[in-house]
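Inside the fold
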Amino acid sequence: MLEGFYCRFIRKRAFLIALILVGLTTACQESFDQSLEREAREYTNRHCPQEVETGTILDSLVYNPQKRELTYFYSISATNECIFKEKTPLLHELLKQRTINDVTFKDVKDHGVAFRYLYQSEENGNVVYQTLIKAQEYGWRN
């Protein structure tokens, strides 16, 4: 009889300890938003600025968890500035297709994050072009 009580007591105790451990490990893990915000900051610190194509420099990558937007900040040369102004009607569609086809951010897209692309003049810092690719545009379904 005492053995049965002792076994139940040990099982209950083990179950409680397991619950506490699960709770502690879950509390220590970052949420998706916290993780993406940190990863964007780390990427910027390690890799930016970087020339992604001639005349276009990726200055930073920033995630805003309140808006659920991942923003690419670019600086563009005067030559590219002229091209952007000429091609403005096509840019949103081209960036949308790039976002759809980019497998690098599959997990990010699976969470319905919007992608903002902001291009600033290298000469004066004025915004030349910006657009927002919403999750519904790249096929996200919640």
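Refer to the structure above for everything that follows.
Here's a quick rundown of the structure. Treat the numbers as computed from the prediction; the structure is a model and nothing was measured. (Residues numbered from 1 in each chain as written. Predicted model: local features only at pLDDT ≥ 70, side-chain atom pairs only at ≥ 80, totals over all residues. Heavy atoms only, no water.)

Attention shifts here to a negative patch on the surface. A cluster of like negative charges, contributed by Glu51, Glu53, Glu122 and Glu123, occupies part of the molecular surface. Locating Glu51 in the fold gives a position in strand β1 (residues 50-53). (Patch = residues over 30% accessible without salt bridge, like charges linked within 9 Å, V, L, I, M, F, W, Y side chains within 5 Å. Areas by Shrake-Rupley, 256 points an atom, 1.4 Å probe, with all protein chains shown as cover. Salt bridge = Lys/Arg side-chain N within 4 Å of Asp/Glu carboxyl O. Lys, Arg positive; Asp, Glu negative; His and termini not counted. Charge placed at Lys NZ, Arg CZ, Asp CG, Glu CD. Helix = DSSP H or I, 4+ residues; strand = E, 2+ residues; numbered from the N terminus.)

Among the structural elements, Asn80 can be located in helix α3 (residues 78-101). On the basis of relative accessible area, Asn80 is assigned to the buried category, the value being 10%. In this view, Asn80 contacts Thr54, Gly55 and Thr56; residues no more than four positions away in its chain are not counted. (Buried < 20%, exposed > 50% of the residue type's maximum accessible area, 1.4 Å probe, protein only. Contact = heavy atoms within 4.5 Å.)

Gaps left between atoms show up when a probe the size of a water molecule is rolled over them. Size it by volume and the largest pocket reaches roughly 250 Å³. Lining the largest pocket are 13 residues, and of these Glu53, Phe84, Leu91, Leu95 and Tyr119 sit closest to its centre. Contributing elements (two or more residues each) for the lining of the largest pocket: β1 and α3. Roughly 180 Å³ of volume is contained in the second largest pocket. Breaking the lining of the second largest pocket down by element, the ones donating at least two residues are β2 (56-64) and β3 (69-76). Of the residues in the lining of the second largest pocket, the class split is eight nonpolar, no polar and two charged. (1 Å grid on protein atoms, 1.4 Å probe; cavity = no way out; pocket = protein on both sides within 12 Å on 5 of 7 lines; lining within 4 Å. Points joined across faces, edges and corners; volume = space filled by probe spheres on them. Nonpolar A, V, L, I, M, F, W, Y, C, P; charged D, E, K, R; others polar.)

This part takes up the nonpolar core. One finds Leu70, Tyr72, Phe105, Phe115, Tyr117 and Tyr119 to be the most contacted residues of the largest nonpolar core, which totals 23 residues. At the level of secondary structure, the elements contributing two or more residues to this core comprise α2 (32-47), β2, β3, α3, β4 (114-121) and β5 (127-133). The biggest single contributor to this core is β3, with four residues. (Core = buried A, V, L, I, M, F, W, Y, C linked by side-chain atoms within 4.5 Å.)

As a further point, take the pattern of salt bridges. Tallying each qualifying case throughout the model produces eight salt bridges. We note a salt bridge from Glu30 to Arg38, for which the minimum N-O separation is 2.9 Å. A salt bridge links Asp110 to Lys106, with the shortest nitrogen-to-oxygen separation between them at 2.8 Å. One end of the pair, Asp110, and the other, Lys106, are both in helix α4 (residues 106-110), four residues apart, so they sit about a helical turn from each other. Connected via shared salt-bridge partners are Glu30, Arg38, Glu39 and Glu42.

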